[in-house]
Amino acid sequence: VFRNTGTGFENITEDLSLGSLRGLWMSLHIDDLDGDGRDDLLLGNLGLNNHFRTGADNPLRMWVGDFQNNGMSDQILSRSIEGRDVPYVLKHDLFSQIPSLQSRYPTYESYASQSMSDLFTEEQLQAARMLQADLLESIIIFNRESGPEWTVLPPRAQFSAVYGLLSEDLNGDRTPDILISQNLIQAKPMAGPYDAGYGSVLRFDESNQLKSLPPQLSGLNIPGSGRGILSVQNAAGEKIIVVAINDDRPLFFRVNR
């Protein structure tokens with residue numbers, strides 16, 4: 001989070017106690033979601049329906065460095081097992097990227113239990129840039145008077161990666177509803193595809209808890225790789241929701257109140 005100082009931008013993420021919210025963020029949307037006059041943040045993440053897990057005891061990390069000493073950067077994803085950073089990547093994928101490892105680990109068995117510190121020198125790891133994801137859930141950050149307060153979106157929003165976000169009053173109750181589009185079809189077989197999300201409408205109930213409506217109730221059904229969402233008005237004055245689909249035609253939904 002950056003503050004506009006008038007002469008530049010100041011990073012205030014740590015001042016807001018948001019430094020631990022490191023994720024695989026896909027999308028961002030800003031609106032006053034709770035009606036208190038302050039803008040809140042909607043953030044789309046990878047979700048929980050995948051092979052990856054992360055947390056304080058099992059961090060998901062990305063190492064970026066010149067592991068071949070050829071002036072080129074390589075990227076290696078790792079997970080923590082009993083305090084050891086173990087590569088996620090399969091042997092043939094990693095060794096095609098870094099062929100010098102093949103002579104040291106000729107078999108899958110010899111590679112299976114190796115950690116990053118086994119595969120690479122301390123100097124190589126210290127020179128590399130290490131990135132870490134602390135959570136994979138898509139979330140809302142409410143801008144409270146006392147400071148930021150975040151909560152995860154309902155389970156349906158965690159079925160797949162969230163790429164599109166829109167907040168709009170769809171039913172005339174003067175409270176924003178939240179629409180999401182999801183999925184990443186073009187993924188490596190070991191990780192995906194992420195195709196379990198068909199979009200969702202999220203709505204605040206009487207107790208101000210966010211609930212998700214299934215497609216059979218909301219009418220929102222977004223197959224494929226959903227991306228950006230827009231709300232427009234046609235010539236007849238009807239509200240139309242437009243959803244971009246990666247590598248396909250956009251989808252158009254009429255809002256019926």
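Preceding this section is the structure that the text describes.
An account of the accompanying structure is given in this report. (Residues numbered from 1 in each chain as written. Predicted model: local features only at pLDDT ≥ 70, side-chain atom pairs only at ≥ 80, totals over all residues. Heavy atoms only, no water.)

### As for the sheet that holds strand β7 (residues 84–87)
Short version of the rule: A strand pair is defined by DSSP finding two or more bridges across the two strands. Each helix is a run of DSSP H or I of at least 4 residues and each strand a run of E of at least 2, with the numbering of both proceeding from the N terminus. For every element, the axis is a line fit to its C-alpha atoms; helices are fit only across the contacting stretch, and the angle between N-to-C directions ranges from 0 to 180 degrees.
Judged by pairing direction, the sheet is antiparallel, and its 4 strands sit side by side in the order β7-β6-β5-β8 without closing on themselves. Looking at strand neighbours, the two that pair on one side only are β7 and β8 (129–133), the edges of this open sheet. For this sheet, the mean inter-axis angle between neighbouring strands, taken without regard to orientation, is 35 degrees. Taken together, the 5 bridges between strand β5 (residues 60–65) and β8 define a ladder with antiparallel strand orientation. The residue of β8 that forms the bridge with Arg61 is Gln132.

### Description of the pairing of strand β16 (residues 239–245)
Threshold: Buried, partly exposed and exposed residues are distinguished by accessible area as a fraction of the type maximum, computed with a 1.4 Å probe on protein chains only: under 20%, between the cut-offs, and over 50%, respectively.
When you tally the buried positions in β16, you get 5 out of 7 residues, the bulk of the element. Where strand β15 (residues 226–233) meets β16, 6 bridges bridge the pair, whose relative direction is antiparallel. Bridged to Gln233 within β16 is Lys239. The turn joining β15 and β16, which pair antiparallel and follow one another in sequence, is formed by 5 residues; a positive phi near 85 degrees is taken by Gly237. One ladder, built from 4 bridges, connects β16 with strand β17 (residues 251–254); its direction is antiparallel. Residue Ile241 lies in a different strand from β17, and its bridge partner there is Phe253. Turn length for the β16-β17 hairpin, with the two strands adjacent in sequence and antiparallel, is 5 residues, and the turn residue Asp247 shows positive phi of about 60 degrees.

### Regarding the layout of surface pockets
Heads up, the rule is: Method remark: on a 1 Å grid restricted to protein atoms, a set of points is classed as a cavity if a 1.4 Å probe fits but cannot get out and as a pocket if it is open with protein on both sides within 12 Å along at least five of seven lines; lining residues have an atom within 4 Å of a point. Grid points are joined across faces, edges and corners, and a volume is the space filled by probe spheres set on the points. Asp, Glu, Lys and Arg are counted as charged, while Ala, Val, Leu, Ile, Met, Phe, Trp, Tyr, Cys and Pro are counted as nonpolar; the rest, among them Gly, fall into the polar class.
Roughly 740 Å³ of volume is contained in the largest pocket. Considering the residues around the largest pocket, the lining is formed by 31 residues, among which Phe52, Met62, Gln75, Ile76 and Leu77 are closest to the centre. Elements with a contribution of two residues or more to the lining of the largest pocket: β5, β6 (74–81), α1 (91–97) and β8. Among the elements that line the lining of the largest pocket, the one with the most residues is β8, at 4 residues. Residue composition of the lining of the largest pocket, grouped by class: 22 nonpolar, 5 polar and 4 charged. Estimated volume of the second largest pocket: approximately 460 Å³. Val1, Leu16, Leu18, Leu41 and Ile141 are the residues nearest the centre of the second largest pocket, which is lined by 20 residues in total. Of all the secondary structure elements, the ones that give two or more residues to the lining of the second largest pocket are β3 (27–31), β4 (40–44), β9 (139–144) and β10 (147–152). Residue contributions to the lining of the second largest pocket peak at 5 residues, all from β9. Tallied by class, the residues present in the lining of the second largest pocket amount to 13 nonpolar, 3 polar and 4 charged.

### With respect to the sheet that holds β9
Here 4 strands make up an open sheet; going across it, the order is β3-β4-β9-β10 and the pairing antiparallel. What marks the edges here is a single partner per strand, and that holds for β3 and β10. On average, adjacent strands in this sheet sit at an angle of 20 degrees to one another, irrespective of strand direction. Bridge count for β3 against β4 is 5 bridges, and the pairing is antiparallel. Paired with Ser27 across the strands is Gly44, a residue of β4.

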